[in-house]
Amino acid sequence: MRILLNVLLGTSLVALAAPTGATQSKIQPAIPSADDAPIAYMLDVTSGQVLFSREADRRFMPASITKVMTTFLAFEWMEEGRLFPEQVFTVRPETFQKWHRVGSTMFLPRDARVTVDELVHGVTTVSANDGAVVLAEGAAGSVEDWIAAMNAKAAQIGMRNSHFYTPNGWMDEGRTFTTARDLGTLAEAMLTRHPSKYKHFVGVEGLEYNGITQRNHDPISGVVPGADGIKTGFTNQAGFGFLGSAQRNGRRLVMVVAASPRARQRNDAARAFIEWGFAAFDTKRVFHADAVIAKARVQGAGVPAVNLSARGPVKIDVPRGTNPAITMAVRYEGPLQAPIAKGEEVAQLVVSIAGMPEHRVPLVAETDVLEATLLQRLLNGLTGWMR
């Protein structure tokens, strides 16, 4: 069903972003050209809106950006009590033989005993190929079982066009692939489910391990105000890519640039792109938290309808300094069927803003809706017959 909302937008919206001012860095905000970043995507995690999309569903080889999936799975297993930061794994002889000094590493010694905390820091900070494999083997028992868990978790969070064949993104003849949209989904899940782990492990300036100090090659952290990662990637086949994020003035942005021909083009594109995301939009609040946005009809219940609300305040981004045409509608497959649990997602608020991608906000039931009793069914039937 589709319910149009009568909401006066424009002057009635409450602006949340600061007025347009000087850019917080010397980087010129800009959408990257298709030459510099053939694939480009930006998501405002705070509002849930896609701010820019170019080739967002084009599959590509993520190279070391694969390690973000390994990191996220480690976070999930820590949360579930299946993995602990202080847990110690031993580097297997065959793992050392295969991955010692292969690509980016944290220089794990032969037969080293290393903690999960050290391994995850190695993966996130210096893109440790050896660290990702040791983590996979220690946590899951084998690389194969870890990869199976990576793919299961990717499917669970809605990464519909991704598949992983390695824990570290090493070249595998294209059997590992993803899309910019899926990477945005992955980053959003990591940020919203595990903010404290993200802060601890991601965006660290450097790593000192085994007497060797290495720096993080993230192109935006320390350069763009509020930036804190997330992961670069490169192979000759994949080109240069980056999944990055920054938080500023209450807004959290996630961006992807991929298939860049050179590292400098990727880095410059990423910096200008994230600045554009902060500079080009005003954020406005449409509904406060817990506001009743609409009602949905319910069948087979003791009540005819249930109130719908979002899980938090509904905010939207609009091009800065403009007052674009905005329409909103509530859509659901209806009538809904009882029983319905409080907080269950049953509908979507579809926001259409001129010149921007369509934005959908999940809506949930405000209360439990029980199945109708026999008496209520008789009364409902009588009421329907008399209408």
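The coordinates are above.
Residues numbered from 1 in each chain as written. Predicted model: local features only at pLDDT ≥ 70, side-chain atom pairs only at ≥ 80, totals over all residues. Heavy atoms only, no water.

Colleague: Please provide a residue-by-residue account of the pairing of strand S12 (residues 281-287), values included.
Modeller: Burial runs high along S12: six of the seven residues are buried. Here six bridges tie S12 to strand S15 (residues 314-319), and the two strands are oriented antiparallel to one another. By the bridge assignment, Arg285 is partnered in S15 with Lys315. (Buried < 20%, exposed > 50% of the residue type's maximum accessible area, 1.4 Å probe, protein only. Helix = DSSP H or I, 4+ residues; strand = E, 2+ residues; numbered from the N terminus. Pairing = 2+ DSSP bridges.)

Colleague: Lay out the nonpolar core with the relevant residues and their values.
Modeller: Residues Leu83 and Leu243 are the most contacted members of the largest nonpolar core, which totals 61 residues. Counting residues per element, this core draws most heavily on helix H1 (residues 66-80), at eight residues. Each residue touching Leu83, except ones within four places of it in the same chain, is listed here: Ala74, Trp77, Met78, Phe89, Val116, Leu135 and Ala139. Listed in part, the 52 residues of the second largest apolar core include Ala40, Phe287, Ala296 and Ile326. (Core = buried A, V, L, I, M, F, W, Y, C linked by side-chain atoms within 4.5 Å. Contact = heavy atoms within 4.5 Å.)

Colleague: Can you tell me about the environment of His200, naming the residues and giving the values?
Modeller: Along the chain, His200 falls in helix H7 (residues 195-201). On the basis of relative accessible area, His200 is assigned to the partly exposed category, the value being 41%. Residues contacting His200, with those up to four places away along its chain left out, are Asp117 and His121. Within the local environment of His200, its side chain forms a polar contact with the side chain of Asp117, the two groups lying 2.9 Å apart. (Polar contact = N/O pair within 3.5 Å; in protein donor to acceptor, adjacent residues only side chain to side chain.)

Colleague: Requested: an account of unusual backbone geometry, with residues and values cited.
Modeller: In this structure, Pro339 follows Ala338 across a cis peptide bond, with omega equal to 5°. Mapped onto the fold, Pro339 is located in the loop between strand S17 (336-337) and strand S18 (345-353). Of note in this structure, Ser127 is not a glycine but carries a positive phi near 55°. Relative to the helices and strands, Ser127 is located in the loop between helix H3 (116-126) and helix H4 (129-140). For Asp290, which is not glycine, the phi dihedral falls at a positive 70°.

Colleague: Which residues make up the side chain of Thr105, and what are the values?
Modeller: You can see Thr105 is positioned in the loop between helix H2 (93-99) and strand S6 (113-115). Not counting chain neighbours up to four residues away, the residues in contact with Thr105 comprise Trp99, Val126, Ala128, Asn129, Asp130 and Gln214.

Colleague: How would you sum up the side chain of His121? Please name residues and give values.
Modeller: Counting through the fold element by element, His121 comes out in helix H3. What His121 contacts, discounting residues up to four positions off in sequence, is Val126, His200, Phe201, Val204 and Leu207.

Colleague: Hey, could you go over the sheet that holds strand S3 (residues 39-44) for me, with residue numbers and the actual values?
Modeller: Spatial ordering of the open sheet is given by S4-S3-S11-S10-S9, a layout of five strands whose pairing is antiparallel. In this open sheet, the two edge strands, each paired with only one partner strand, are strand S4 (49-54) and strand S9 (227-235). Neighbouring strand axes in the sheet, compared pairwise and without regard to direction, differ in orientation by 5° on average. As paired elements, S9 and strand S10 (residues 239-248) share seven bridges and run antiparallel to each other. (Axes fitted to C-alpha atoms, helices over the stretch in contact; angles between N-to-C directions.)

Colleague: So what about H4? Which residues, and what values?
Modeller: Look at H4: 17 Å from first C-alpha to last across twelve residues, which is about the 16 Å you get at 1.5 Å a residue. Counting buried residues along H4, ten of its twelve residues qualify, which places the element largely inside the surrounding structure. Where H4 is concerned, the buried positions are Asn129, Asp130, Gly131, Ala132, Val133, Val134, Leu135, Ala136, Glu137 and Ala139. Tucked into the core, H4 has its buried residues touching H1, strand S5 (88-90), H2, S6, H3 and helix H5 (143-157). Positive backbone phi, approximately 95°, marks Gly141, located one or two places after H4. (Expected span 1.5 Å × (residues − 1).)

Colleague: For the packing of aromatic side chains, give the residues involved together with the corresponding values.
Modeller: Counted under the stated rule, the structure contains eight aromatic pairs. When the centroid spacing of 5.6 Å and the interplanar angle of 35° are considered together, the rings of Phe75 and Phe201 count as tilted. One end of the pair, Phe75, is in helix H1; the other, Phe201, is in helix H7, with 126 residues separating them in the sequence. Taken as a pair, Phe75 and Phe201 share a single burial class, namely buried. Judged by centre distance (5.1 Å) and plane angle (75°), the rings of Trp77 and Trp146 are edge-to-face. A residue pair is termed long-range when its members are at least 10 positions apart, and Trp77 in helix H1 and Trp146 in helix H5 qualify at 69 residues. Classification of Trp77 as buried rests on a relative accessible area of 6%. Chaining the aromatic ring pairs together yields one cluster made of Phe52, Phe273, Trp276 and Phe281. Geometry around Phe278 places Arg248 over its ring, the cationic atom sitting 4.3 Å from the centre. (Phe/Tyr/Trp six-rings, centres within 6.5 Å; stacked < 30°, edge-to-face > 60°. Lys NZ or Arg CZ within 6 Å of the ring centre and 35° of its normal.)

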